[in-house]
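Inside the fold
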Amino acid sequence: MTGPRAVDVVVGLIGDPGGRWLVNCRPPGTPLAGSWEFPGGKKEPGEAALAALKRELHEELGIQVLEAEPVAPYVREAPKVGRNDPCPCGSGKKFKQCHGRLS
């Protein structure tokens, strides 16, 4: 496994008056398949946060974002994982055997 790289992401926190939050499950064949997460994803180079959020939520959920408020900037450190490296999920398998193809 190589060193961490900065990944600039946007996440949609979509809640209702009952205190429930919208989460989705990562599809089979993707890294960390079956994990639950808030909808969102990586920003494209030069892409504004709101534009990235609108794009990601449309791609993932098929919804159109009409308005959004920034909550907090968030940049996570993510290891770059090769197909023959140990899977970061902790399964003990190689990444290619645990989560299939790299996206």
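Residues numbered from 1 in each chain as written. Predicted model: local features only at pLDDT ≥ 70, side-chain atom pairs only at ≥ 80, totals over all residues. Heavy atoms only, no water.

**Some thoughts on the overall build of the chain**
The cut-off we apply is this: For helices the rule is a DSSP run of H or I covering at least 4 residues; for strands it is a run of E covering at least 2, with both sets numbered from the N terminus onward. Here's how the labels work: a residue is buried when its accessible area is under 20% of the maximum for its type, exposed when over 50%, partly exposed in between, all with a 1.4 Å probe on protein chains only. Here, residues are in contact when the closest pair of their heavy atoms is within 4.5 Å. Exposure was quantified through the Shrake-Rupley algorithm and a 1.4 Å probe, taking into account, for residues, occlusion by the shown protein chains and nothing else.
Secondary structure summary: the chain contains two helices and five strands in total. Helices (α) and strands (β) of the chain occur, in sequence order from the N terminus, as β-β-β-β-α-β-α. With 103 residues in all, the chain has 20% of them scored as buried. Look at the contacts in the chain between residues 6 or more apart in sequence, and 46% of them connect residues 24 or more apart. For the chain, the exposed area adds up to about 7,500 Å²; of that, 56% sits on carbon and sulfur atoms.

**Digging into the pattern of salt bridges**
Here is the rule: For this analysis, a salt bridge means a side-chain nitrogen from Lys or Arg found within 4 Å of a carboxyl oxygen belonging to Asp or Glu.
Scanning the entire structure with this criterion turns up six salt bridges. Overlapping salt bridges, with partners in common, bring together Glu47, Arg55, Glu56 and Glu59 in one network.

**A few points about unusual backbone geometry**
Unlike most non-glycine residues, Leu32 shows phi in positive territory, near 60 degrees. Structurally, Leu32 can be placed in the loop between β2 (24-25) and β3 (36-37). For Leu32, a relative accessible area of 38% corresponds to the partly exposed category.

**What about the environment of Val9?**
Residue placement: Val9 occurs in strand β1 (residues 4-11). Linking Val9 and Ala52, residues 43 residues apart in sequence, is a C-alpha distance of 8.4 Å.

**Focus on the nonpolar core**
Where we set the bar: For this analysis, a nonpolar core means a set of buried residues of the types Ala, Val, Leu, Ile, Met, Phe, Trp, Tyr and Cys, connected via side-chain atoms within 4.5 Å.
With five residues, the main nonpolar core is built from Val10, Ala52, Leu53, Leu57 and Val65. Examining the composition of this core, we find that three residues originate from one element, helix α1 (residues 49-61), more than from any other. In contact with Ala52, other than residues within four places in its own chain, are Val10, Lys43 and Glu47.

**Re the side chain of Glu47**
Here is the rule: Any pair of nitrogen or oxygen atoms within 3.5 Å is treated as a polar contact; in protein, a donor-acceptor pairing is required on top of that, and neighbouring residues in sequence qualify only through side-chain atoms on both sides.
Position of Glu47 relative to the elements: it lies in the loop between β4 (40-42) and α1. The class of Glu47 is buried, set by a relative accessible area of 17%. Of the polar contacts made by the side chain of Glu47, one reaches the backbone nitrogen of Glu44; its length is 2.8 Å. A polar contact is formed between the side chain of Glu47 and the side chain of Arg55, at a distance of 2.9 Å. If sequence neighbours within four positions are ignored, Glu47 has contacts with Ala52 and Arg55.

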